[in-house]
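Chain by chain, the residues run as shown.
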Amino acid sequence: METKIGQFLESVSTFFSGGDQIPWCSRDIIAGCEKEVTYAASGASDEQKGESIMRLSWALVHSRQPDDVQRGIAMLKASLANTNSPLQRREKLYLLAVGYYRSGDFSRSRQLLQECLEIAPDWRQALSLQKTVEDRITKDGVIGIGITATAVGLIVGGIAAAIARKN
């Protein structure tokens, strides 16, 4: 019995805390990636420049700072048009999906993940994030329904109390 209660409380805690498994990135790592991009811009090959920009984009969309996430999204969107390789396109779409997930735009994240999975249908990382996004959309829907039901209940209760007072 205690085990079931513990499991229930853990699932409720996970439900309200988010419980995603997407890694976070610190400001130190972002600063290191920014230095790498600056260094690569001063004479490195195009391939090295592209790789350093991808590492910085990864770090930015995994940041806890909303401004960093938005900067990462902008960098990825700008570079997506110039991407010819399906593998690079898949990576950029996935990182964009992470960025939109982090910024709370779950429907855009889901759309990008679907594009990503069209390129690589069995890619576990994208499938895992897709499940996380779907769970979050479901959770937000349940919370929204709960808030609406509570509001309706309060309104109906207020009306019932007002009618009872008049009688």
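Here the structure is a predicted model, which means the values were calculated and not measured.

Student: Describe the packing of aromatic side chains, naming the residues involved and giving the relevant values.
Tutor: Per the counting criterion, the structure on display carries 2 aromatic pairs. A centroid spacing of 5.4 Å and a plane angle of 55° characterise the contact between Tyr101 and Phe106, whose relative ring orientation is tilted. Here Tyr101 matches Phe106 in class, with each residue buried. Between the NZ or CZ atom of Arg90 and the centre of the ring of Trp123, over which it lies, the distance is 3.8 Å. Cation over ring: Arg102 sits above Trp24, and NZ or CZ is 3.6 Å from the ring centre.

Student: I'd like a rundown of the nonpolar core, residues and numbers included.
Tutor: In terms of nonpolar packing, the biggest core is built from 24 residues, with Tyr94, Leu96, Leu113, Ala126 and Leu129 touching the most fellow members. Judged by nonpolar contacts, the second largest core, of 7 residues, contains Cys25, Leu56, Ala59 and Leu60.

Student: Summarise the side chain of Lys92; cite the residues concerned and give the values.
Tutor: Along the polypeptide, Lys92 turns up in helix α5 (residues 86–102). Buried charged residue Lys92 carries no salt bridge. Nearest counter-charge: Glu91, at 10 Å. One polar contact links the side chain of Lys92 to the main-chain carbonyl oxygen of Ser79, over a distance of 3.3 Å.

Student: Now, about the confidence of the model for the chain: what can you tell me, with residues and values included?
Tutor: Of the residues in the chain, 78% reach a pLDDT of 70 or more, and the chain-wide mean stands at 83. Under a pLDDT of 50 for its full length, residues 8–19 has, in the predicted model, 8 contacts with residues more than four places off or in other chains.

Calculation criteria
Residues numbered from 1 in each chain as written. Predicted model: local features only at pLDDT ≥ 70, side-chain atom pairs only at ≥ 80, totals over all residues. Heavy atoms only, no water. Phe/Tyr/Trp six-rings, centres within 6.5 Å; stacked < 30°, edge-to-face > 60°. Buried < 20%, exposed > 50% of the residue type's maximum accessible area, 1.4 Å probe, protein only. Lys NZ or Arg CZ within 6 Å of the ring centre and 35° of its normal. Core = buried A, V, L, I, M, F, W, Y, C linked by side-chain atoms within 4.5 Å. Helix = DSSP H or I, 4+ residues; strand = E, 2+ residues; numbered from the N terminus. Lys, Arg positive; Asp, Glu negative; His and termini not counted. Salt bridge = Lys/Arg side-chain N within 4 Å of Asp/Glu carboxyl O. Polar contact = N/O pair within 3.5 Å; in protein donor to acceptor, adjacent residues only side chain to side chain. pLDDT = per-residue confidence, 0-100. Contact = heavy atoms within 4.5 Å.

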